[in-house]
Amino acid sequence: MKKLIETLKNCWRVEDLRQRLLITLLFTAIYRFGSFVVLPGIDPGKLDQLQSQTKGGLMSLLDMFSGGAFSNASIFALGIMPYISASIVMQLLAVAVPYFQKMQREGESGQKRIQWYTRVLTVAILLFQAPSYLINLKMQASQALASGIAWPVFMVPATFILAAGSMFILWLGERITDKGVGNGISLIIMLGIIARLPQAFMQEVSSRFTAISGGGLVMFIVEILILYAVIMASILLVQGTRKVPVQYAKRLVGNKQFGGARQYIPLKLFAANVMPIIFAQALMFIPLAIVQYQSDGASWWVRDMLNNRSLMYNIVYVILIIAFTYFYTAITLNPQQMAEDLKRNNGFIPGVKPGHDTAEYIDTVMSRITFPGSLFIAFIAVMPALAGLLNVQDAFSQFFGGTSLLITVGVVIDTLQQIESYLLMRHYDGLLNAGHTRPAGAVSAY
């Protein structure tokens, strides 16, 4: 404990790091405050039906990523998800459309143009999603609108307020990235996820100690141990890499020799991130849409697919995750391009011919590590359903796996690594070591 306190003091001593941490806290506090600012003209006391709608299905996923702003009819109700959707579309276009492929290879200038297109696409998505959200709000909480205001009149300014709220969140995220610590967009998503953790934790404690068959202290300790083990497994998944050795040819420039050093290409076991889970979840909501348009009731398989704890649901879910892991890895990692870049920089993999053979080798390695990685992701994704079998409350079970856990673990690791780099640059030990000051000439072991 003493070492931890000393390390925190070191974080405060580094002026640049202190300023960045304070800026990050300020901007995240602004975001959380805005999540509770209700749309003008809406009575927050009459949103019970909307809040009950967001307890399951696609709505619960949207509400989770927005930190509860979706169910509160907040000005930040649409959250950062429109920007994430636009980013995914642009990423796919950069793979499929030659114009965007060329733009992506132009370096910093090309990335700026892609960011501009992403923002324009975000606004277009917002102008579609905002009216859709308001129509759903009218259906679920029509009495929440103040008397004397007609819904058609209310929807026009409310659409612009929702769009402006999402773009403001995007601006906050970019400012956190530039002036704060960590990736701002990722931090905002993580904040929306963990905002529900205290309430979900207290509900779980209450259910274990008050219910007749709750299990008491023993079952609660078992839950915490399982959660700890899953978090450790998620860290291994996020950090796992396969290092492919690369040798660079020696070359003489004047009297100096360059190259000749051996480096590595780190191929991540978790290259697809959480995208396979998000795509699979989107497809798993199709049975819900089928039920909504059936007048004579749903068939047995549709009803089974609506239960996220059923065997059929989880089998299909795992298959989709594995398929999307291969798909997303294939479109984001281009072995042919990697082989060309190595050849252009006079690099080669020992024992493998440059060019086509190198591309084949990288593709083979990626195929071999993607399969166990996809199984690992699928296991993490179905953990909330397995936790439900232990009578864990739905709100708390979401933290046992799925997108919630993987995003939280990834963002926390990335943020801690950035803080670690600031401390090491100032000759301080990192967050995971003792908190004493390093000598100015000491060589870091990292």
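Just above, that's the structure.
Note that the coordinates shown come from a computational prediction; the quantities given were computed from them, not determined experimentally.

### Some details on the overall build of the protein chain
Thinking step 1. Check the secondary structure of the protein chain and you find 19 helices and five strands.
Thinking step 2. Considering the protein chain as a whole, with its 446 residues, one finds that 42% of them fall into the buried category.
Thinking step 3. Look at the contacts in the protein chain between residues 6 or more apart in sequence, and 68% of them connect residues 24 or more apart.
Thinking step 4. Carbon and sulfur atoms form 64% of the exposed surface of the protein chain, whose accessible area is close to 23800 Å².

### Points about a nonpolar patch on the surface
Thinking step 1. The grouping of Leu26, Ile30, Phe168 and Trp171 at the surface amounts to a nonpolar patch, some 350 Å² of accessible area in total.
Thinking step 2. When contributions to the nonpolar patch are tallied by element, the ones reaching two or more residues are helix H2 (15–34) and helix H8 (151–179).
Thinking step 3. The topology assignment puts Trp171 in helix H8.
Thinking step 4. For Trp171, a relative accessible area of 39% translates into the label partly exposed.

### A few points about the nonpolar core
Thinking step 1. Core analysis: the largest hydrophobic core is formed by 60 residues, its most contacted members being Phe65, Ile80, Ile84, Ile189, Tyr317 and Ile321.
Thinking step 2. Among all residues touching Ile84, those that are not within four sequence positions of it are Ile185 and Ile189.
Thinking step 3. Within the second largest apolar cluster, 22 residues are counted, among which are Leu47, Leu78, Ala141 and Ala158.

### Details of the pattern of salt bridges
Thinking step 1. A full pass over the atoms with the stated rule returns five salt bridges.
Thinking step 2. Here Glu108 and Lys112 are joined by a salt bridge, their closest N and O atoms 3.8 Å apart. Remark: Lys112 and Glu108 occur in helix H7 (residues 108–140); sequence separation between them is four residues, near one turn of the helix.
Thinking step 3. For Glu108, a relative accessible area of 60% puts it in the exposed group.
Thinking step 4. Between Asp341 and Arg344 there is a salt bridge, with its nearest N and O atoms 2.8 Å apart. Residue Asp341 and its partner Arg344 are located together in helix H16 (residues 335–344), separated by three residues, close to a single helical turn.
Thinking step 5. Classification of Asp341 as partly exposed rests on a relative accessible area of 29%.
Thinking step 6. The class of Arg344 is exposed, set by a relative accessible area of 56%.

### Quick notes on the pairing of strand S1 (residues 241–248)
Thinking step 1. Note: S1 against strand S4 (residues 262–268), seven bridges, orientation antiparallel. Note on S4: the bridge partner recorded for Lys243 is Pro266.
Thinking step 2. As judged from the two bridges shared by S1 and strand S5 (residues 347–348), these two strands associate in the antiparallel manner. From the neighbouring strand, Tyr248 faces S5, where its bridge partner is Gly347.

### Looking at the packing of aromatic side chains
Pairs of aromatic rings are described using the distance from one ring centre to the other and the angle between the two planes.
Thinking step 1. The full count for this structure, using the stated rule, is twelve aromatic pairs.
Thinking step 2. Measuring from centroid to centroid gives 6.0 Å for Phe76 and Phe168, while their planes differ by 25 degrees, and the two rings are stacked. Here Phe76, found in the loop between helix H4 (57–65) and helix H5 (81–96), pairs with Phe168, found in helix H8; they are 92 residues apart in sequence, far enough to count as distant.
Thinking step 3. For Phe76, a relative accessible area of 4% translates into the label buried.
Thinking step 4. With relative accessibility at 34%, the residue Phe168 sits in the partly exposed group.
Thinking step 5. Ring centres of Phe100 and Tyr117 lie 5.8 Å apart, and the angle between their planes is 80 degrees; on these two criteria the pair is classed as edge-to-face. Placement of Phe100 in helix H6 (residues 98–104) and of Tyr117 in helix H7 is noted, with a sequence separation of 17 residues between them.
Thinking step 6. Taking the relative accessible area as the measure of exposure, Phe100 reaches 13% and is therefore buried.
Thinking step 7. Clustering of aromatic rings is evident, with ring pairs tying together Phe27, Tyr31, Phe76, Phe168 and Trp171.
Thinking step 8. Above the ring of Tyr264, the side-chain terminus of Lys243 is found at 5.8 Å from the ring centroid.

### A look at the packing of helix H10 (residues 197–210) against helix H11 (residues 216–239)
When two helices pack together, their arrangement is given by the angle between the helix axes and by the axis-to-axis distance.
Thinking step 1. For the pair H10 and H11, the least separation of the axes is 8 Å and the interaxial angle reads 145 degrees. Contacts between H10 and H11 involve Phe201, Glu204, Val205, Arg208 and Phe209 on the former and, on the latter, Gly216, Leu217, Met219, Phe220, Glu223 and Ile224.
Thinking step 2. Class assignment of the residues belonging to the contact of H10 with H11 gives a composition of seven nonpolar, one polar and three charged.

### Section: the side chain of Arg20
Thinking step 1. Summarising the element assignment, Arg20 is placed in helix H2.
Thinking step 2. Once residues within four sequence positions are removed from consideration, Arg20 is found in contact with Asp178, Lys179, Gly180, Val181 and Tyr422.

### A look at the sheet that holds S1
Thinking step 1. Strand order in the open sheet formed by three strands is S4-S1-S5, with antiparallel pairing between adjacent strands. Edge positions in the sheet fall to S4 and S5, since each has one partner strand and no second.

Conventions we followed
- Along each chain, numbering runs from 1 in the same order as the chain's sequence is written.
- Only residues with pLDDT of at least 70 get local features here, since the model is predicted, and only at 80 or more are side-chain atom pairs given and counted; chain-wide, interface and lining totals rely on the full set of residues.
- Excluded from the side-chain calculations are hydrogens and water; all other atoms, namely the structure's heavy atoms, are used.
- Secondary structure elements follow DSSP: runs of H or I of four or more residues count as helices, runs of E of two or more count as strands, with numbering from the N terminus.
- Accessibility here uses a 1.4 Å probe with only protein chains present; expressed as a share of the type maximum, an area under 20% marks a residue as buried, one over 50% as exposed, and anything in between as partly exposed.
- Any two residues whose heavy atoms approach within 4.5 Å are treated as being in contact.
- All accessible areas in this document rest on Shrake-Rupley with a 1.4 Å probe, and a residue is counted as covered only by the protein chains that are shown.
- What goes into a patch is any residue over 30% in relative accessible area without a salt bridge, connected to like charges within 9 Å or, for nonpolar side chains (Val, Leu, Ile, Met, Phe, Trp, Tyr), within 5 Å.
- By definition, a salt bridge exists where a carboxyl oxygen of Asp or Glu is found within 4 Å of a side-chain nitrogen of Lys or Arg.
- By convention a nonpolar core is built from buried Ala, Val, Leu, Ile, Met, Phe, Trp, Tyr and Cys residues, the set being connected through side-chain atoms within 4.5 Å.
- Here, any two strands with at least 2 DSSP bridges between them count as paired.
- Any Phe, Tyr or Trp ring, taking Trp's six-membered ring, that has another such ring centre within 6.5 Å forms a pair; planes under 30 degrees apart are called stacked, those over 60 apart edge-to-face, and the others tilted.
- Any Lys NZ or Arg CZ that is within 6 Å of a ring centre and within 35 degrees of that ring's normal is treated as a charge sitting over the ring.
- Every angle, taken between N-to-C directions, lies between 0 and 180 degrees, and every axis is a line fitted to C-alpha atoms, over only the stretch in contact when it is a helix.
- As a working rule, the residues Ala, Val, Leu, Ile, Met, Phe, Trp, Tyr, Cys and Pro are called nonpolar, Asp, Glu, Lys and Arg charged, and the rest polar, with Gly in that last group.

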